[in-house]
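# Structural description and commentary
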Amino acid sequence: MLEIEIDGKKLTVPQGSTVMDAAHSAGTYIPHFCYHKKLSIAANCRMCLVEVEKAPKPLPACATPVTDGMKVMTHSPMAKAAQQGVMEFLLINHPLDCPICDQGGECQLQDLAVGYGNGQSRYQEAKRVVEAKDMGPLVSAEEMARCIHCTRCVRFTEEIGGLQEIGMANRGEHSEILPFLGKTVNSEISGNVIDLCPVGALTSKPFRYSTRAWELSRRRSVSPHDGLGSNLVVQVKHNQVMRVLPLENESLNECWLADRDRFAYEGLNADSRLQKPMIKHGGQWHETDWQTALEYVVKGLKGVANDHGKDAIGFLASPHATTEELFLAQKLARAFGVDNIDYRLRRSDFSLDAAQSGAHWLGGAVADLSSANAILVVGSTQRQEQPLLATRLRQAVKKGTELSVLHAVAEDLLTPLFARLTVAPNALVNGLAQVLKAVAAIKGETAGADLALVQVGAEAERMAESLCRAESAALLLGNVAQHHPAFGQLWALAQEIGRISGARFGLTAEAANSVGAELMGVLPHRGAMGSKATAGANAAQMIAEPRKAYVLLHTEVEFDSYNPQAAVAAMKAAATVIALTAYKADGLLDYADVLLPVAPFSETAGSFINMEGRLQTFNGAVRPLGEARPAWKVLRVLGTMLGLPGFEYTSVEEVRAEWQGMGEIAALLDNAVAPMPAIDASIKAGLTRVGEVPMYQADPICRRAASLQQTVWAAAPHASAHSSVLAAAGVNAGSEAIVRQGEGAVRVRIDADDSLPPDALRLATAHSDTLALGGMFDPIQITQG
């Protein structure tokens, strides 16, 4: 520890601290622009100049290391003169167009100019002019003359984003911030440069010129998209969500937001929002009142139950729904006598249901991944599934973490990998079995599986060595592994690797409330908070063996199912489909019979339980649109109208209190499965689809966010395969081909990608262009177009 005195205040700070760090710990503010606690030190704005005893000139606080006994003056005449001089230089070429600047009211330059600037400018010469830059549909760079060259955006894209998409060209007053080679900024976390920019140079393109910062009300909320649970500040004007910003939470999203979390709010205001209940009659949709719609639903459910039995009804819920909505959905279903309820529409393997001890989760805290010595990620297109978790892993690698990836595609994580094993979907089990066999050999233990025929490759050996020598190791199964037809075997192998190597293992939850759905008992084999339940049909069974009636909560099965072809067919075969939805989706209008308008996360109170088992509550930021109602209220009324006991709730807090009274979340999080299922590590021949869910097609809100749908990540999907696959099919790279699964076929462009295994064809699911196809990881055929 070192002693330092700042403005007469003595304190001690760790060795290696800068004067800026010391000032922050003492609560002393030093003006700055280029400094940011998460970025490297640039010291190029010079706004943080301070006087240091015995130093002949002012020094930048952000780049000056603390020495023992140092005395710093931040408000001395020398420091003030230096800061005022820097401010005058910064304003020389600044256009001073505050009245029309979109950053007005929250501009750091504006604020510091009041405290450190002069009343008028002495500069009389012509100011520079900088051309606008095209950085894509999310970030506006129309007014780059405002840029003060702090280079925060440049450092962010390189250090946090992993790829330097923005740079600074030229020198002096001719310097310009611009994207490389005329390209747009395509990072999945690009919107953070808007927050980092201290002036109005980089602003939000969707938010631009829509309102003023001081006109907005601010509400705390939680991201409804991936399982990280990023904390949000939702900004509202006239009962409409206008903007979403990050709420700092160091243990989850730090001070960042993924673009999905930041810009998806546009989907909340989409034209397709359902504002009144609707009933289909005579093949035509008609708007109606709530009473009529609810009576229609009750009559339909009772009619199917009387004519075909309760087993002819199925409940399918989205893991993006709130915990309270999910709890009431399963309570209503089971109280009515229906045991067919599931949230796992994209799951294809349910073999672990009987062996599962508790709710599957990450296996530890998200923040602990930053200090892990070794991490193995299995079956995860990480940047699309968990953008901010991928960012955290990149930072961990910089600190020495050995990151390895076992996957069906060679995704560029924008960070060095310790080991990579890319195998076809049919060989994913074999790949993880190789790692287990190597781990068992290194530790001298017997694996709980027959691996005699498994041949261990060099990359699997490196993965095993990394896990075994690490003091802290983690094995994470991503969305691809969870959706894989052999998920049960992958999970069992991960459990064995964890047991032998000491690594923690778990799932990176695909949705905001996947863990909450597990805990709330939105499962056919287990009730809320681990309570026993009569076994019913899972999601795959409800689709393979169509029910007479379906109740859908926040889900559009054509986008949210493992096999959209089969899911839509099942819906069309039903006598009645009841959808509690926020949107008039084309698919729902085709196969549903009644649409009940329910509120998205921004218009209701509730909670999400993230991948680490953290309960986060929130309140509605705006009132429900039109006649939409919170889904928990609709489920409460339906329960009462069906004559079911226990639905006399008056607030969402009462619903939450009921399930919280049934047990503790931490006690119910358990990744153990027993007995271990049989492992089939053989590699089956044949072309198999790799059907990942595109980042901006993952949930209904994202699918309707106009700006996100203009990004490269949301482009129309095209197929890609190894050049040998194209040659065998007689298809030229870059040409159109027909890909077929079952009775469905689509025409798409197909490209050669020799980083893919020879038995894989990569073609996204959950997109309107591929809805006619079948299972995400099922066999697929290619023919000439």
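The chain appears in an unreviewed UniProt entry as NADH-quinone oxidoreductase from Paludibacterium purpuratum. Regarding the chain, the relevant UniProt record gives this comment under Function (unreviewed entry): "NDH-1 shuttles electrons from NADH, via FMN and iron-sulfur (Fe-S) centers, to quinones in the respiratory chain. Couples the redox reaction to proton translocation (for every two electrons transferred, four hydrogen ions are translocated across the cytoplasmic membrane), and thus conserves the redox energy in a proton gradient." UniProt's Catalytic activity (unreviewed entry) comment on the chain is quoted here verbatim: "a quinone + NADH + 5 H(+)(in) = a quinol + NAD(+) + 4 H(+)(out)".

## Let's talk about the overall build of the chain
Along the backbone of the chain there are 24 helices and 33 strands. Seen through its C-alpha atoms, the chain measures out along the principal axes to roughly 90 × 65 × 55 Å. Taken over 785 residues, the chain has a buried fraction of 62%. By sequence separation, contacts in the chain at least 24 residues apart represent 73% of the contacts at least 6 residues apart. Accessible area of the chain: about 29400 Å², with a carbon and sulfur share of 51%.

## Digging into the pattern of salt bridges
In the structure shown here, the tally under the stated rule is 34 salt bridges. Measuring nitrogen to oxygen at the nearest pair gives 2.8 Å for the salt bridge that ties D342 to R344. The closest approach of N and O atoms between E510 and R346, which form a salt bridge, is 3.4 Å. Placement of E510 in the loop between β22 (504–507) and α15 (514–519) and of R346 in the loop between β17 (341–342) and β18 (374–378) is noted, with a sequence separation of 164 residues between them. Using a relative accessible area of 7% as the deciding quantity, one classes R346 as buried. In the salt-bridge network here, residues are joined through shared partners; they are R346, E510, E556, D560, R703 and R704.

## Looking at the domain arrangement of the chain
On domain assignment, one finds that the chain holds domain 1 (2–92), domain 2 (278–349 + 513–663), domain 3 (366–507) and domain 4 (688–784). Relative to domain 4, the C-alpha centre of domain 2 lies at a distance of 30 Å. At the interface, 16 residues of domain 2 touch 24 residues of domain 4. Buried surface at the junction of domain 2 and domain 4, summed over both partners, amounts to about 1500 Å²; 56% is from carbon and sulfur atoms. When residues of domain 2 are sorted by the area they lose upon contact with domain 4, F559, Y562 and Q565 head the list and together hold 42% of the total. Our enumeration of links across domain 2 and domain 4 arrives at 3 salt bridges. For R703, the salt bridge is made with E556, and the minimal N-O distance between the two is 3.2 Å. Where domain 2 meets domain 4, there are 11 residue pairs in polar contact (both at pLDDT 80 or more). Of all the secondary structure elements, the ones that give two or more residues to the side of domain 2 that touches domain 4 are α17 (557–560) and α18 (564–573). If one sorts the elements of the side of domain 2 that touches domain 4 by residue count, α17 sits on top with 3 residues. Split by residue class, the side of domain 2 that touches domain 4 holds 7 nonpolar, 5 polar and 4 charged.

## Some words on the packing of helix α2 (residues 77–92) against helix α3 (residues 108–116)
Contact geometry of α2 with α3 gives a least axis separation of 10 Å together with a crossing angle of 135°. With respect to each other, α2 and α3 are oriented oblique. Considering only the axes of α2 and α3, their crossing is left-handed. Seen from α2, the contacting residues are Q83, Q84, M87 and L91; seen from α3, they are L109, L112, A113 and Y116. Class assignment for the residues of the contact of α2 with α3 results in 6 nonpolar, 2 polar and no charged.

## Notes on the UniProt feature "domain: 4Fe-4S His(Cys)3-ligated-type" (unreviewed entry) in the chain
The UniProt feature table records "domain: 4Fe-4S His(Cys)3-ligated-type" (unreviewed entry) at residues 78–117. Helix makes up 60% of residues 78–117 and strand 0%, with an end-to-end C-alpha separation of 15 Å.

## Digging into the UniProt feature "domain: 4Fe-4S Mo/W bis-MGD-type" (unreviewed entry) in the chain
According to UniProt, the positions carrying the feature "domain: 4Fe-4S Mo/W bis-MGD-type" (unreviewed entry) are residues 216–272. A distance of 25 Å separates the end C-alpha atoms of residues 216–272, which is 9% helix and 35% strand.

## Remarks on helix α11 (residues 428–443)
Here α11 spans 23 Å end to end across 16 residues, near enough to the 22 Å set by a 1.5 Å rise per residue. Counted residue by residue, α11 has 12 buried out of 16 residues, so it is predominantly covered. For α11, the set of buried residues is L428, V429, N430, G431, L432, A433, Q434, V435, L436, A438, V439 and A440. At its buried positions, α11 is contacted by β18, β19 (402–407), β20 (419–422), α12 (458–469) and α14 (487–501).

## Thoughts on the pairing of β19
With 6 of 6 residues buried, β19 is to be regarded as a mostly interior element. Here β19 shows no split at all, with E402, S404 and L406 on one side and L403, V405 and H407 on the other all buried. Pairing analysis gives 5 bridges linking β18 to β19, with the strands arranged parallel. Along β19, the bridge assignment pairs V377 with V405. Pairing analysis gives 4 bridges linking β19 to β20, with the strands arranged parallel. Paired with V405 across the two strands is R420, which belongs to β20.

## What about the packing of aromatic side chains?
The tally for this structure, following the rule as stated, stands at 5 aromatic pairs. Taking the centre distance of 5.0 Å and the plane angle of 55° together, the rings of F156 and W256 count as tilted. In this pair, F156 sits in helix α4 (residues 152–159) while W256 sits in the loop between β13 (240–246) and α6 (259–263), placing the two residues 100 residues apart along the sequence. Each of the two residues, F156 as well as W256, counts as buried.

## Some remarks on helix α21 (residues 652–660)
Among the residues making up α21, those that are buried are V652, V655, R656 and W659. Projected down its long axis, α21 carries its buried residues within an arc of 95°, all on one side. Buried residues belonging to α21 abut α8 (323–335), β26 (606–609), β27 (615–618), α20 (631–641) and α22 (665–668).

## Description of the side chain of R383
By the element assignment, R383 lies in helix α9 (residues 382–385). Assessed through its relative accessible area of 12%, R383 is described here as buried. Reaching out from R383, the side chain makes a polar contact with the side chain of E188 at a distance of 2.9 Å. Excluding anything up to four places from it in sequence, R383 contacts E188, A390, R394, E411, D412, L413, L414, M695 and W713.

## A closer look at the pairing of strand β15 (residues 284–287)
Inspection of the sheet shows strand β14 (residues 278–281) paired to β15 by 4 bridges, in the antiparallel sense. Residue pairing in the sheet places H281 in a bridge with Q284 of β15. Joining the antiparallel neighbours β14 and β15 is a turn of 2 residues, in which G282 adopts a positive phi near 65°.

## Looking at the environment of G136
Relative to the helices and strands, G136 resides in the loop between β6 (133–134) and β7 (139–141). On a C-alpha basis, the gap between G136 and S190 in space is 9.8 Å, while along the polypeptide they are 54 residues apart. When sequence neighbours within four positions are dropped, the list of residues in contact with G136 reads T184 and K205.

## Structural notes on the sheet that holds β13
Overall, antiparallel pairing links the 3 strands, which are arranged β11-β12-β13 in an open sheet. Strands at the two margins of the open sheet, each flanked by one partner only, are β11 (217–222) and β13. Going from strand to strand, the sheet's axes swing by 30° on average, the running direction of each strand aside. By the bridge criterion, 6 bridges tie strand β12 (residues 231–237) to β13 in an arrangement that is antiparallel. Opposite Q235, over in β13, you have R243 as the bridge partner.

The rules behind each value
Residues numbered from 1 in each chain as written. Predicted model: local features only at pLDDT ≥ 70, side-chain atom pairs only at ≥ 80, totals over all residues. Heavy atoms only, no water. UniProt positions renumbered as here; feature names shortened; annotations may be inferred. Helix = DSSP H or I, 4+ residues; strand = E, 2+ residues; numbered from the N terminus. Buried < 20%, exposed > 50% of the residue type's maximum accessible area, 1.4 Å probe, protein only. Contact = heavy atoms within 4.5 Å. Areas by Shrake-Rupley, 256 points an atom, 1.4 Å probe, with all protein chains shown as cover. Salt bridge = Lys/Arg side-chain N within 4 Å of Asp/Glu carboxyl O. Domains from an automatic or database assignment. Buried area = accessible area lost by both parts, 1.4 Å probe. Polar contact = N/O pair within 3.5 Å; in protein donor to acceptor, adjacent residues only side chain to side chain. Nonpolar A, V, L, I, M, F, W, Y, C, P; charged D, E, K, R; others polar. Axes fitted to C-alpha atoms, helices over the stretch in contact; angles between N-to-C directions. Parallel < 35°, antiparallel > 145°, perpendicular 65-115°, else oblique. Left-handed = near helix turned anticlockwise from the far one by under 90°. Expected span 1.5 Å × (residues − 1). Pairing = 2+ DSSP bridges. Phe/Tyr/Trp six-rings, centres within 6.5 Å; stacked < 30°, edge-to-face > 60°. Arc of directions from axis to C-beta.

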